[in-house]
Structures are given as C-alpha cells and as structure tokens.
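Each chain, written out:
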Amino acid sequence: MIKKTIIALYILIVVCIGLASVIEKFHGTPYVSENIYGAWWFVILWGLLAVTSLAYILKQQMYRRIATFLLHISFVVILAGALTTYLTAERGTVNLRTGKQQMTYTDDKAAKQTFPFLLTLKEFKVVYYPGTDAPLDYQSIITVKEGNAVSDIVVSMNNIGEVQGYRLFQSSYDSDNKGVTLGVYHDPWGIGLTYCGYLLLFISIAWFCMSKRNNIRSLYHRATKPAAVAALLLVSSIATAQEQNTVDADIAHRFGTVAVLYNNRICPVNTVATDFVTKLTGKSKWNGYSADEIFVSWMIYYPYWEKQKLIRIKSREVQQVLGIDSQWASFSDFIDQYNEYKLKNSIDQARQGKGDIPMKSLMEADEKYHVVEMFYNGQMLRVFPYSIKGNVSWYTPGAQVLPREIPVKESFFIKQSMDFMTESIVVGQKDRAMEIIGKIKLFQREMAGDVMPSVLAVNAEIFYNHLNNERWIVFLSLTLSLLLCIAISTGSAISKRRWFRIAVATFIALLTLYLTLLLALRWWVSGHVPLSNGYETMQFMAWALLIITIATHRIFPIIIGFGTLGAAFSLLVAMLAGGSPQITQLMPVLQSPLLSVHVMVVMCAYALFALQMLLAIQALWMIHRNAAAEETDRITALSQLLMYPAIFLLTIGIFVGAIWANVSWGTYWNWDPKETWALITMMIYAAPIHSSSLKVFQKPRAYHIYILFAFLSVLITYFGVNLLLGGMHSYAN
C-alpha cells in the first residue's frame, strides 16, 4: 500500500510540475507561483511524498545499507529545507538612491517591512569589459549602519551582500545610474537546512559509488561477459575574379586581421566577415570567394555585389514576393522600382495576424536584408579606437562627428585612411593598400594597446573561424558513424579485420582531436569556458561522448559505434541550430566558476542518457529478431550500469546550479522552466534504478521502451524549454 501511494504521488508531482511549466508560458510566472508552486495543495503533495518515502525506507530497513540510506535521507532533508523556506522566508525589493538612507523594503505582498539597520547607496557603477561597451559586472557600494557601527558592503552579480541574515542581491538599476533596486531575501533557517541536505547528498553519492553493497559491480560483470559480436574500434570550384569587382585576396586577408569592435568584443575583421557571409549564404564561402574577399569587395564594389545572387531565401512565398524563381536572391531583389522595401507590406500584415506568409519566414529574409543595412551603416566596421579619460571608444571609417578631445591628426586619420586604402585598391596599388592596412593596425595599437588582442590571439581566432566552418567534417563524421553502427548491428565480418579497426581508431582519434582543438580555441578566443549557450554545449556534449567512448571502448565495445554516432549527431545539431555561432562576452550573471561545473556535469549526464537511448534502440531491435538472450542481457546490464553515473551527474549538476542560483539571485530554487524540467528528467530516470521495488524494470523489453521514451524529457529540457517555454535560462538559446 505504501509503495503504491509513493508511485501515485511521484507520478502526480511529475505531471503537475510539467503542466505548470506549460501554463506559465500562457499565464505568466506570478500566476503559477501563486496557484501551483506556492499553493497549499502542492506543498502537501511534496510533504506526503517525503513522509511516505521515509516510512517505506524504514519498512525496508534501508538503514542496514548506510550509503543508500543516507542518499535517500538527503532528499528528505532537502525537502525539509524547502518547506522551512516556504514557511519562514521573507522576500522583497528595496530601492536605494545615492546618498539617501533607507530602512524599509517592500515584500512580495506589496507591504512595507522594516530592516533592523540603515542602508545608504554610496556608489553604483557598471564595470565594462576592457575597451568595449559590454557590461562585465554591476556593482553597488552600500553603507550599512547597525547601531553605532558603520561599514561598507559591495553587492554585485554573483556576490550577495549579507547583513544580519538579510541577503541583498543586484536586481536592476535606475536609468541615471544614481539608484539601484536590490532583491531582499531573509531565510535564516531554510538555506542552512537545505545546504546540509546538499552536503549529505554529495557525500552519500560518493559513498554509494565506493560501497560494495550495491549492484554496480554485478552489472559491470554482466555487461563485460565475452561477447558473441566482435569488439569494434571507432571509426568549390574557384571562380576567377574580375579585377574591377573583387579585391585582391592578399589584401582582403590582410584586412581580415584588423581588429574591430563587434558584438561588444574586440575581434578580427575576419570574424565579422565570416558572420556576414554565413548569415547571407548559409556558408562562410560563396562561389569560391572567401568571407574576407566578399566583405572587403562589397565595401568597395558595392554596385556589383548588390546584384549577386548570394542571399539564400528558403521560403517559396517570400521568393514570390521578391520576384525571384529560385532560392537565391540579390540585395537588389529586396528593393522595387520605386526604391521601396518589398517585404514591408507582408511583414506589416503578418504582425496584424493577416496574410498567408509565416512570420518566421519573413523574419528570416528580413534579417538578411538588415544585415546588409547594418554593413552599410558602418555598425560592422568600428575599427578606430581612441581612449578619452581611460574609456576606449571605437569609431567607424569616415566618421564625421568625433569628440573634440581627439587631436586633428588622429581625427584626420579616422576620417580619411579607409578612403586612401580604397583608392589604392581601385587603382591597383597593392603595396600602398597593404601599407595603409599596416598603419591602421599601428594606430589601433597606439590608441588602445592595453585592450587589443595579441597577434597570436588574432591569428588563433582566424584559424578557429576557418576550422569551425568546415562543415564537411560534420557530414563525413555522421556518414562514417552510421556505417559503423550498421556494422555493429549486423555483426559484419569486415569489422573483425585489422585494417578496419585501425581505420576506425584513426577516425575517432582525429574527430576527438578536431573537437578538442575547436573547444580549446573557442575558450582562448572568448576568454571563458565554452559552455554559455546551446551551440557550445552541444559541441561539448559531442566531445564528452567521444571521451566516454575512448575511455570505455575496450570494456564495452558496443559503445564505440553509438558514442561516435551520438557525437556526430550532436555536432549536426550544433551546426544546424547555430547557423552563425557568434562568440560573445559573457553576461554578468554568468561570470561564475559554478557555471562551468554546473553545465559540464549536466551535459555529461545528457551524453550518457543519449548513449542509453541508442543502446535501447539496439536492444529492442535484438529482442524483435529473437537474438540470444545473453546478448540482450549484456546490453541491458550496460544500460543499467550507465544509469548510475548519468543520474548522479544530473543530480549533482542540478544542485550545483541551485547553489549558483543562491549566490546570484539570492534563492536556490525559482521553479524556472529549465530547472523544473531538469528535475522532471531526474525523477523520470531515477525510477529504473529502483528495479528491486519496481519489478517491471526487470523485464528487458519494458526497461528499454521506458528508456527510449524517457529521453524525450532530455530533449524537452534542452531544446523544448529554450525554444518554447523561455525563462531565466533563455540566455542559453
């Protein structure tokens, strides 16, 4: 009876929080916070689950296995901490203005509450990345008066201010930079109890993994029995440029090394050119021309390039509006004979809910048009830095309005140097053009030497741009991985040959080296661990799958094909979803070492779940063709063995994320859609681990069907939330 009650409550909670995340999309966060997550019945559901689970733990005498007992008790302690927070915590906001004392704050019920101390905003400042306008941090220096004691505290992103148990965290700031709004959180008992639960959880996971009283070892021996299947190892035409329409390749590539302020970071022009061409054509090259050649040539010979059919338009409806008969349009095709923008009326109608053309199709085409408009407006060519009172500003070529602080000589250079370079290119003076580019780079070093990237860093980024845009590597990897999986599934005799094993080993080694180099270069170029968005995390997931494959292929040969296939598909998803994966500065809230730990362990868990899903497909196929029970049992044991590190990594990742949230936002759990679905995923995958109590998971067919459908929760957590539900994790889109 107790077990059935636990199962019913467990399923009910999973369904409730899943539906709540969808309801939030339509009715807003305040609605679900009040009517679901903060409702009395929801708290009672969790309370009943905790109490019945505790009763079942005692009934099963789980305390005889200390590690397992502590692991389950840690969740009860965490829930107790959450209940304490729910009952005793105070939340609100306080607005501070420079020089004005404040002793009250507004709680979440709009009532005024009093601090047992005085707060005064001494200074607020936005700290920028050196030489850019991108915010690095928001810092509030606050004077705190407690009786006769006066002290200053600093509140910034990832740095909570704490006074007498009240936690103050950065929320927003006034437009005049003379005031800030701080979040207020007072939870003297809940946080401590919850952190005790986290600590107990981490200790018990480590203890469980080292303990001999679990079934990990038996699963290992079942998964490594001598296999009947042999062990496997891992497996443009260039158009001639018309001289008057295309810049010399050497000049274009030299100009590509010039620094530019783009996306609030200093990078080479090659990065801008690559984004520009990729956004228009879908590739970093077109008709044999490199991104640098197209970008620089368009700067000079724009009438010619405006007529080139290099803008890809996928929608047939948009093609008809533009008056083209294929998927390739020129910039001129967007303008009619009256110099009017052809898509304007269609976009206006779509925004009003009228018309037959999907808004998404129109927005994709409109974005390409405005990319060229940005190019013409000079927003992609802020190449001239100048430091005034320690603040570096970047100016576009030919800028007519410059600060008076810039001397005449430097002002003249900013306004005229690009004209001189253009003139040299047009008249064929290659040496003079190269000399002017050199002077532009020298000007940059003299004016902003402290913030300029080194020559080595610039060359590294250009190399990364070339390497990252070689899409044939992804398609080749996918093809070879599919062939490898077919060889595994059919038990092909060719897989037993030595030359084949060597070829496949070389393939996986090269693919791992490629990904390692790609991630290392992106880390170096961006200045942070490449785990801050969907594109980067998919590349990391591919790398993690390959590392897992290399580490385990001798023990579990079947993983080899599935590991490479999962890695190749991860790269394909990154390529298709990324489009033009720009490198940007980290948002201030992401400036935390906990970000790297949180994302890394979660992505490793997802990689293992993906392997389980592929193993499930293989096992179900073997069951369907009545393969030997020993082979099916080996795959099932391997899948169950992978479940332990996968669920433990996901659990650790979730609660490390909770600690990060507590440091950044002052509260460890907000029922954000991403964290909600991560919790759902953890709860779904936790069920098969309890196969001793849930007998259905002892049947291979039922187990693998469950694992196959369970992977949908991973897909929803990673893709569905970002694309459909949004939330605080939307920066990861």
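Residues numbered from 1 in each chain as written. Predicted model: local features only at pLDDT ≥ 70, side-chain atom pairs only at ≥ 80, totals over all residues. Heavy atoms only, no water.

Draft legend 1. Geometry of the overall build of the protein chain. On a plain count of helices and strands, the protein chain comes out with 24 helices and 14 strands. Accessible area of the protein chain: about 34700 Å², with a carbon and sulfur share of 60%. (Helix = DSSP H or I, 4+ residues; strand = E, 2+ residues; numbered from the N terminus. Areas by Shrake-Rupley, 256 points an atom, 1.4 Å probe, with all protein chains shown as cover.)

Draft legend 2. Main features of helix α12 (residues 344-351). For α12, every residue scored as buried is listed here: S346, I347 and A350. Buried residues of α12, seen end-on, are gathered within an arc of 100° and therefore sit on one face of the element. For α12, exposure combined with an orientation more than 90 degrees from the buried face picks out N345 and R351. Buried residues along α12 sit against α11 (316-322) and α13 (359-376). One or two steps after α12, the chain reaches G353, where phi turns positive at roughly 80°. (Buried < 20%, exposed > 50% of the residue type's maximum accessible area, 1.4 Å probe, protein only. Arc of directions from axis to C-beta. Contact = heavy atoms within 4.5 Å.)

Draft legend 3. A look at the confidence of the model for the protein chain. Averaged over every residue, the pLDDT of the protein chain is 83; residues scoring 70 or more account for 90%. When pLDDT is averaged over each element of the protein chain, helix α7 (residues 249-255) comes out on top at 93 and helix α6 (residues 216-223) at the bottom at 68. For residues 226-243, every residue scores under 50 in pLDDT, and the model assigns this stretch 54 contacts once sequence neighbours within four places are set aside. (pLDDT = per-residue confidence, 0-100.)

Draft legend 4. Broad picture of the nonpolar core. Core analysis: the largest hydrophobic core is formed by 116 residues, its most contacted members being Y606, F609 and Y685. The biggest single contributor to this core is helix α21 (residues 593-624), with 17 residues. Among residues more than four places away in sequence, those in contact with Y685 are F609, Q612, M643, I647, I707, A710, F711, S713 and V714. (Core = buried A, V, L, I, M, F, W, Y, C linked by side-chain atoms within 4.5 Å.)

Draft legend 5. Examining the pattern of salt bridges more closely. All chains considered together, the criterion is met by 12 salt bridges. For R97, the salt bridge identified is with D176, shortest N-O distance 2.7 Å. Remark: D176 occurs in the loop between β7 (166-173) and β8 (179-186) and R97 occurs in strand β1 (residues 90-97); sequence separation between them is 79 residues. A salt bridge links E435 to K439; its shortest N-O distance comes to 3.6 Å. Here E435 pairs with K439, and both are found in helix α15 (residues 430-448), just 4 residues apart, close to one helical turn. (Salt bridge = Lys/Arg side-chain N within 4 Å of Asp/Glu carboxyl O.)

Draft legend 6. Quick peek at unusual backbone geometry. A positive phi angle is found at Q61, which is not glycine, with a value near 55°. Positionally, Q61 belongs in the loop between α3 (40-59) and α4 (66-88). For Q61, a relative accessible area of 35% puts it in the partly exposed group.

Draft legend 7. Seen up close, the sheet that holds strand β3 (residues 112-128). Spatially, the 8 strands line up as an open sheet ordered β5-β4-β3-β2-β1-β8-β7-β6, and their pairing is antiparallel. Of all strands in the sheet, those with a lone pairing partner are β5 (149-156) and β6 (161-163), marking the two edges. Pairwise comparison of adjacent strand axes, ignoring direction, gives a mean angle of 40° for this sheet. (Pairing = 2+ DSSP bridges. Axes fitted to C-alpha atoms, helices over the stretch in contact; angles between N-to-C directions.)

Draft legend 8. Examining a nonpolar patch on the surface more closely. A cluster of nonpolar side chains, contributed by I7, I11, V15 and L19, occupies part of the molecular surface with about 330 Å² of accessible area. Relative to the helices and strands, I11 resides in helix α1 (residues 2-27). Taking relative accessible area as the criterion, I11 reaches 49% and is therefore assigned partly exposed. (Patch = residues over 30% accessible without salt bridge, like charges linked within 9 Å, V, L, I, M, F, W, Y side chains within 5 Å.)

Draft legend 9. Region of interest: the pairing of strand β13 (residues 384-388). Here β13 lies mainly inside the structure; 4 of its 5 residues are buried. Two elements, β13 and strand β14 (residues 391-395), share 5 bridges in a ladder whose sense is antiparallel. Within β14, the residue paired with F384 across the bridge is Y395. Count of turn residues in the β13/β14 antiparallel hairpin: 2 residues, of which K389 carries a positive phi of about 55°.

Draft legend 10. Here's a closer look at the packing of aromatic side chains. Inspection of every chain in the model, using the stated rule, returns 42 aromatic pairs. Aromatic side chains F208 and F648 sit 5.6 Å apart centroid to centroid with 85° between the ring planes, which places their arrangement in the edge-to-face category. Taken together, a centroid distance of 5.0 Å and an interplanar angle of 25° make the contact between F413 and F443 stacked. Remark: F443 occurs in helix α15 and F413 occurs in helix α14 (residues 408-426); sequence separation between them is 30 residues. Under the relative-accessibility criterion, F443 is labelled buried at 6%. An aromatic cluster is defined as three or more aromatic residues linked by ring pairs; in this entry it consists of F276, F295, W298, Y302, F331, F334, Y341, Y369, F375 and Y376. (Phe/Tyr/Trp six-rings, centres within 6.5 Å; stacked < 30°, edge-to-face > 60°.)

Draft legend 11. Representation of the pairing of β5 within the structure. Taken together, the 8 bridges between strand β4 (residues 135-146) and β5 define a ladder with antiparallel strand orientation. In the strand pairing of β5, E146 is matched with A149. Connecting β4 to the next strand, β5, in antiparallel fashion are 2 residues, including G147 with a positive phi near 70°.

Draft legend 12. Structural view of helix α2 (residues 29-37). Of the positions making up α2, those classed as buried are V32, I36 and Y37. In a view along the axis of α2, the buried residues occupy a sector of 65°, so they form one face of it. Across α2 from its buried face, at more than 90 degrees, point the exposed residues P30 and E34.

Draft legend 13. View of the packing of helix α16 (residues 455-468) against helix α18 (residues 498-526). Between α16 and α18, the least distance of the axes is 10 Å, while the angle of their chain directions is 135°. Looking at the two axes, α16 sits oblique to α18. For α16 against α18, the interelement crossing comes out left-handed. Contacts from L456, A457, A460, E461, F463, Y464, L467 and N468 in α16 reach Y514, L517, L518, L521, R522, W524 and V525 in α18. Class assignment of the residues belonging to the contact of α16 with α18 gives a composition of 12 nonpolar, 1 polar and 2 charged. (Parallel < 35°, antiparallel > 145°, perpendicular 65-115°, else oblique. Left-handed = near helix turned anticlockwise from the far one by under 90°. Nonpolar A, V, L, I, M, F, W, Y, C, P; charged D, E, K, R; others polar.)

Draft legend 14. Expanded view of the environment of A252. Within the fold, A252 resides in helix α7. As a C-alpha pair, A252 and I294 span 42 residues in sequence and 8.5 Å in three-dimensional space. With residues up to four places along the chain from it excluded, the contact list for A252 reads V247, D292, E293 and V296.

Draft legend 15. The arrangement of the packing of α1 against α3 in detail. Their axes nearest at 9 Å, the elements α1 and α3 cross at an angle of 145°. Judged by the twist between their axes, the crossing of α1 over α3 is left-handed. Of the residues in α3, those touching α1 at I2, K3, T5, I6, L9, Y10, L12, I13, C16 and I17 are W41, F42, L45, W46, L48, L49, T52, S53, A55, Y56 and K59. The residue inventory of the contact of α1 with α3, partitioned by class, reads 16 nonpolar, 3 polar and 2 charged.

Draft legend 16. Spotlight on a positive patch on the surface. Together, K3, K4, K59 and K695 line one region of the surface with positive charge. With respect to the helices and strands, K3 occurs in helix α1. (Lys, Arg positive; Asp, Glu negative; His and termini not counted. Charge placed at Lys NZ, Arg CZ, Asp CG, Glu CD.)

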